[in-house]
Amino acid sequence: MQNPFISSYRNFDYLELDNFLTDEQKLIRENVQQITNTQILPIIDEYAQEAKFPAHLLPELAKINAFGAMIPTEYGGAGLDAISYGLIMQELERGDSAIRSCASVQSSLVMLPIFKFGSEEQKRKYLPKLAKAEMIGAFGLTEPNHGSDPSSMETRLIKKGDKYILNGAKMWITNAPIADIAVVWAKNENNYVIGCIVEKGMHGFSTPEIKNKWSLRASITGELIFNEVELSEENILPLAKGLKAPLSCLSSARYGIAWGALGATMDCLHTAIEYSKQRTQFGKPLAKFQLTQKKLAELHTQLTQAQLLALRLGQLYNGNKITPAQISMGKRNNVELALRTARECRQLCGAMGIIGDFPFMRHAMNLESVITYEGTHEVHLLINGMDITGENAFE
Ligand SMILES: Cc1cc2nc3c(=O)[nH]c(=O)nc-3n(C[C@H](O)[C@H](O)[C@H](O)COP(=O)(O)OP(=O)(O)OC[C@H]3O[C@@H](n4cnc5c(N)ncnc54)[C@H](O)[C@@H]3O)c2cc1C
């Protein structure tokens, strides 16, 4: 079943922020919106319920620049700006966080590190295929024993003669079981973080799926296990120097999540507004009750604030002025709002709110992962806390 209110979908634009978008950006949003309405929303509940990844959507998603939107066209990307990338993430996550997660990982955590830190050969070999979804990528930073503190990672990439030997394990990795390549971060013999590209089928490399998730059920998650995997120089990202390399890519992904969370918020709020206008209790529509209006008005105000935040982040990104701490504020604020909106809207719709035709439970469960990955809510609080006090709580 599917949300009965898809056809009446509204673009939330209370403060006329569309005036700050170019015609091209609006067209990009419209194209993704169309795919979300016609191809994602009609099937996503079934895929989430059955914990299946809708892989058949990948070619269609590639056509609307879901993969590598900001990568230059000479490498197969779309060469778009940061606001266009944000709008793509917003519309995909209005469909489902699982779809946006796949696109975020492919764009910001696989294509971006290859583009920023790879050799010319690596860029030409991988980026055009990743942009067309002819190849799927994964990003391996988190380990079984090290999540919020990746600097303590145990995975090792040790040079032996003209080869490199990779040993260790990465955990909770989006796309891992279906990935053709994984961008993996490991320490070398000097305890220094470096990056490499591991290809599916390499001897000693396996990607078991993590099952039984209650969250991001339409996303495929797994481990990356390296048992004496032999790599050569051509697998090493030559320009990736230290932990700041993966962290810089995470900044781009987190920026996209600040926009993506708007999409989940809009889907929930739109559905709750429409349902409350139709459902009658005590002889009048729910929308006529003052308590209902208070909840909807507050969520709508907070959505509008979150849209302003995302748009301003996009402007700063486009001007090369954005800081990681500003992105932390956007990711943390907007994801927390999305999660709260999903829960409140579920309650506004009563029992109907728990059923799969409506999106609330799916978004709420998804957002439990989104608030944890790409830096937990707490980690982003501490990044912002450090920024305003000058005190580092991580030491
Ligand atoms: C569905 C899913 C997909 C994911 N995909 C990827 C992926 O593709 N690639 C990848 O590398 N990783 C991925 N992750 C991993 C994710 O980034 C980590 O889960 C996240 O960084 C948190 O690490 P952790 O789960 O080990 O929690 P921990 O670091 O163990 O933290 C547990 C709790 O302690 C809190 N905490 C930790 N340190 C502090 C502190 N200093 N002060 C206060 N509180 C603190 C945290 O906020 C959290 O609430 C994914 C996770 C999920 C759930």
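Residues numbered from 1 in each chain as written. Predicted model: local features only at pLDDT ≥ 70, side-chain atom pairs only at ≥ 80, totals over all residues. Heavy atoms only, no water.

Structural notes on helix 3 (residues 82-95)
The end-to-end C-alpha distance of helix 3 is 20 Å, a good match for the 20 Å that 14 residues give at a rise of 1.5 Å each. Taken across its 14 residues, helix 3 has 14 buried, putting it largely inside the fold. The opening residue of helix 3 is Asp-81, an N-cap whose side-chain oxygen sits 3.0 Å from the backbone nitrogen of Ile-83. (Helix = DSSP H or I, 4+ residues; strand = E, 2+ residues; numbered from the N terminus. Expected span 1.5 Å × (residues − 1). Buried < 20%, exposed > 50% of the residue type's maximum accessible area, 1.4 Å probe, protein only. Polar contact = N/O pair within 3.5 Å; in protein donor to acceptor, adjacent residues only side chain to side chain.)

A short note on the packing of helix 6 (residues 244-278) against helix 8 (residues 324-348)
The contact between helix 6 and helix 8 brings their axes to 8 Å, and the two run at 20°. Overall, the two elements helix 6 and helix 8 adopt an arrangement that is roughly parallel. The crossing of helix 6 and helix 8 is left-handed. Residues Ser-251, Arg-254, Tyr-255, Ile-257, Ala-258, Ala-261, Leu-262, Ala-264, Thr-265, Cys-268, Leu-269 and Ala-272 of helix 6 form the contact with helix 8, whose own contacting residues are Pro-324, Ile-327, Gly-330, Lys-331, Asn-334, Val-335, Leu-337, Ala-338, Thr-341, Ala-342, Cys-345 and Leu-348. Split by residue class, the contact of helix 6 with helix 8 holds 17 nonpolar, five polar and two charged. (Axes fitted to C-alpha atoms, helices over the stretch in contact; angles between N-to-C directions. Parallel < 35°, antiparallel > 145°, perpendicular 65-115°, else oblique. Left-handed = near helix turned anticlockwise from the far one by under 90°. Contact = heavy atoms within 4.5 Å. Nonpolar A, V, L, I, M, F, W, Y, C, P; charged D, E, K, R; others polar.)

Things to note about the site of the ligand
Lining the immediate environment of the ligand, one finds 16 residues, of which Thr-142, Ser-148, Trp-172, Thr-376 and Glu-378 sit closest. One of the backbone nitrogen or oxygen atoms of Trp-172 is found 2.7 Å away from a nitrogen atom of the ligand. In isolation the ligand offers 980 Å² of accessible surface; the protein chains occlude 66% of this area. With three residues, strand 3 (residues 163-174) is the single largest residue contributor to the shell around the ligand. Counted by class, the shell around the ligand contains seven nonpolar, seven polar and two charged residues. (Near = heavy atom within 4 Å. Areas by Shrake-Rupley, 256 points an atom, 1.4 Å probe, with all protein chains shown as cover.)

Thoughts on the nonpolar core
Generally speaking, nonpolar side chains in soluble globular proteins are found buried as a group. By size, the foremost hydrophobic cluster in this structure holds 107 residues, and its most contacted members are Leu-61, Phe-67, Leu-92, Ile-114, Leu-130, Trp-185 and Tyr-255. Considering each element in turn, this core owes the most residues, 17 residues, to helix 6. By size, the runner-up hydrophobic cluster in this structure holds 20 residues, among which are Tyr-164, Ile-173, Val-184 and Phe-226. (Core = buried A, V, L, I, M, F, W, Y, C linked by side-chain atoms within 4.5 Å.)

Some remarks on the pattern of salt bridges
By the definition in use, this model includes 16 salt bridges. Put simply, Lys-159 and Glu-233 hold a salt bridge, and the shortest N to O gap is 3.9 Å. You can see Lys-159 sitting in strand 2 (residues 156-160) and its partner Glu-233 sitting in the loop between strand 7 (221-232) and helix 6, a full 74 residues away along the chain. Judged by its relative accessible area of 45%, Glu-233 is partly exposed. Lys-295 is the salt-bridge partner of Glu-344, the closest N and O atoms lying 4.0 Å from each other. Placement of the pair is Glu-344 in helix 8 and Lys-295 in helix 7 (residues 290-318), with a sequence separation of 49 residues. Sharing partners across several salt bridges, the network here consists of Glu-74, Glu-120 and Arg-124. (Salt bridge = Lys/Arg side-chain N within 4 Å of Asp/Glu carboxyl O.)

A word on the packing of helix 6 against helix 7
As a packed pair, helix 6 and helix 7 sit with axes 10 Å apart at the nearest point and diverge in direction by 155°. The orientation of helix 6 relative to helix 7 falls into the category roughly antiparallel. Considering the relative orientation of helix 6 and helix 7, their crossing is left-handed. On the side of helix 6, the interface is formed by Ser-252, Tyr-255, Ala-258, Trp-259, Leu-262, Thr-265, Met-266, Leu-269, Ala-272, Ile-273 and Ser-276, while helix 7 contributes Thr-292, Leu-296, Leu-299, His-300, Leu-303, Ala-306, Gln-307, Ala-310, Leu-311, Leu-313, Gly-314 and Tyr-317. The class makeup of the residues in the contact of helix 6 with helix 7 is 16 nonpolar, seven polar and no charged.

Examining the packing of aromatic side chains
Aromatic ring pairs are described here by two measures, namely the spacing of the ring centres and the angle between the planes. Across all of its chains, the model carries nine aromatic pairs by this definition. An angle of 10° between the planes, with centres 5.5 Å apart, marks the rings of Phe-205 and Phe-226 as stacked. Here the residue Phe-205 occupies a position in strand 6 (residues 205-206), and Phe-226 occupies one in strand 7, the gap between them amounting to 21 residues. Assigned by exposure class, Phe-205 and Phe-226 land together as buried. (Phe/Tyr/Trp six-rings, centres within 6.5 Å; stacked < 30°, edge-to-face > 60°.)

Here we look at the side chain of Lys-213
Within the element layout of this structure, Lys-213 appears in the loop between strand 6 and strand 7. In this structure, Lys-213 is buried with no salt-bridge partner, the nearest side chain bearing the opposite charge being Glu-209 at 6.3 Å. Excluding its chain neighbours within four sequence positions, the residues that come into contact with Lys-213 are Ser-219, Ile-220 and Thr-221. (Lys, Arg positive; Asp, Glu negative; His and termini not counted.)

A word on the state of the cysteines
Overall, the coordinates contain zero disulfides when judged by the stated rule. Not engaged in a disulfide, the cysteine Cys-268 finds its nearest cysteine sulfur in Cys-345; these two sulfurs lie 5.6 Å apart. Taking relative accessible area as the criterion, Cys-268 reaches 0% and is therefore assigned buried. Unpaired in this structure, Cys-349 has its nearest cysteine sulfur neighbour in Cys-345, at a distance of 6.8 Å. (Disulfide = S-S within 2.5 Å.)

Interpretation note: all reported values are geometric properties and have no functional meaning in isolation.
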